[in-house]
Amino acid sequence: MPHTVFFLNGPNANLYGLDKNGTYGSESFASIEQRCQRHAGELGLTLEFRQSNHEGVLVDWIQDARLNADAIIINAAGLTYSSVPILDALLAFEGPIIEAHMSNIWKRESFRHHSYVSKAATGVIAGLGAMGYRLALTAAAELLETQP
Ligand code: DHK
C-alpha cells in the first residue's frame, strides 16, 4: 500500500500568486498543487492536498489524518502563530509532521517568528517557495520509508 500524506493549507493560501507584493511568488495555488501531485506520484505517495480558511476545518482534517494518513505536511498560514487547537490536534497525530512555509517567516515581521505548529513538527521548511513544498514531500517519503 502506498503511504498517504495529507498536505494541509491554511487561510489565504488559495491566493498565492495573486499577491501584488509577490511575497509568495507568481505561481498559482492550483499550479503548486499540480506540481506537488506530480512529485508525490514520482515518490509513490498518495497525496491529499487541501486548503481551508477555517481553523475548525483544519482541526477536523488533522483528526482525520490520525485514521487516514501516514504523514502530515502543514502550512497553517496565519493560524501558525495563534492556534492552540491546531497544535493540540497535531500533538495527537503519531506520524511525521512537516511544517512548511513559502516565505522565510524569520525574515518577516516579529509576530511571525513564533510558531505553535513547530512544537509538534518533526521538521520545518521555510523560505524556499513552492520548491519547499516538494522538498517537504521528499522528506515525508524518506521519513516514512525509514520509520519502524
Ligand atoms: C503563509 C501565510 O499566509 C502567512 O500568514 C504566514 C506563510 C507565512 C508562508 O510563508 O507560506 O505568515
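In this text the structure is predicted, and so the values were computed from the model without any measurement.

In the region of the ligand, the neighbouring residues are Tyr16, Tyr24, Asn75, Ala77, Gly78, Tyr81, His101, Met102, Ser103, Ile105, Arg108 and Arg112. Here an oxygen atom of the ligand sits 2.6 Å away from a polar atom, N or O, in the side chain of Ser103. Separating an oxygen atom of the ligand from a side-chain N or O atom of Arg112 is a distance of 2.6 Å. Calculation on the ligand without its partners gives an accessible area of 310 Å², and the protein chains cover 94% of this total. Here the shell around the ligand is composed, by residue class, of six nonpolar, four polar and two charged.

Here we take up the environment of Asn53. Its place among the elements puts Asn53 in the loop between β2 (46-51) and α2 (55-68). In this structure Asn53 comes out as partly exposed when scored by relative accessible area, which is 40%. It is 18 Å that separates the C-alpha atoms of Asn53 and Ile32, two residues lying 21 residues apart in sequence. Contacts of Asn53, omitting those with residues within four sequence positions, involve Gly10, Pro11, Asn12 and Asn14. Of the polar contacts made by the side chain of Asn53, one reaches the backbone nitrogen of Asn12; its length is 3.0 Å. Side-chain polar atoms of Asn53 contact the side chain of Gln51, separated by 2.9 Å.

In this section: the side chain of Arg50. Here Arg50 is to be found in strand β2. Polar contacts involving the side chain of Arg50 include one to the side chain of Glu48, which spans 3.0 Å. The contact partners of Arg50, leaving out residues within four places of it in the chain, are Phe6, Phe7, Leu8, Asn9, Trp61 and Asp64.

Before going further, it helps to examine the environment of Asp64. Within the element layout of this structure, Asp64 appears in helix α2. Exposure remark for Asp64: the relative accessible area of 24% places this residue in the partly exposed category. Setting aside residues up to four positions removed in sequence, Asp64 forms contacts with Phe6 and Arg50.

Right, let's talk about the UniProt feature "active site" (unreviewed entry) in the protein chain for a bit. When the UniProt feature table is mapped to this numbering, "active site" (unreviewed entry) covers Tyr24 and His101. Maximum C-alpha separation among the annotated residues is 9.5 Å over a sequence range of 78 residues, consistent with a single clustered spot. Relative to the helices and strands, Tyr24 is located in the loop between β1 (4-9) and α1 (29-43). Look past the residues within four positions of Tyr24 in its chain and what remains in contact with it is Tyr16, Gly17, Asp19, Met102, Ser103, Arg108 and Arg112. Side chain to side chain, Tyr24 and Arg108 meet in a polar contact 3.0 Å long. Tracing the backbone through its elements, the reader meets His101 in strand β4 (residues 97-101). You can call His101 buried: its relative accessible area is 4%. Contact partners of His101, with chain neighbours within four places excluded, come to Asn75, Thr80, Tyr81, Ile125, Ala126, Gly127, Leu128 and Tyr133. Within the structure, His101 has its side chain in polar contact with the side chain of Asn75 (distance 3.5 Å).

The rules behind the values
Once a new chain begins, its residue numbering starts again from 1 and follows that chain's sequence as written. Residue-level local features of this predicted model are given only where pLDDT is at least 70; pairs of side-chain atoms are given and counted only at 80 or more, and the full residue set underlies all totals for whole chains, interfaces and linings. Side-chain figures throughout are based on the complete set of non-hydrogen atoms in the structure, without hydrogens or water. The criterion for a residue being near a molecule or strand is simple. One of its heavy atoms has to lie within 4 Å of it. Polar contacts, as used here, are pairs of N or O atoms within 3.5 Å; protein pairs need one atom able to donate a hydrogen and one able to accept it. Residues neighboring in sequence count only if both atoms are side-chain atoms. The protein chains shown are the only cover counted for residues, whose accessible areas, like all others here, come from Shrake-Rupley with a 1.4 Å probe. In this count, Pro and Cys sit with the nonpolar residues alongside Ala, Val, Leu, Ile, Met, Phe, Trp and Tyr, while Asp, Glu, Lys and Arg are called charged and the others, Gly among them, polar. Helix and strand assignments follow DSSP, with helices taken as H or I runs no shorter than four residues and strands as E runs no shorter than two, numbered in order from the N terminus. Relative accessible area decides the class of each residue, using a 1.4 Å probe on protein chains only: under 20% of the type maximum gives buried, over 50% gives exposed, and in between gives partly exposed. Here, two residues are considered to be in contact whenever any of their heavy atoms come within 4.5 Å of each other. UniProt positions are given in the numbering used here, feature names are shortened, and annotations may be inferred rather than shown by experiment.

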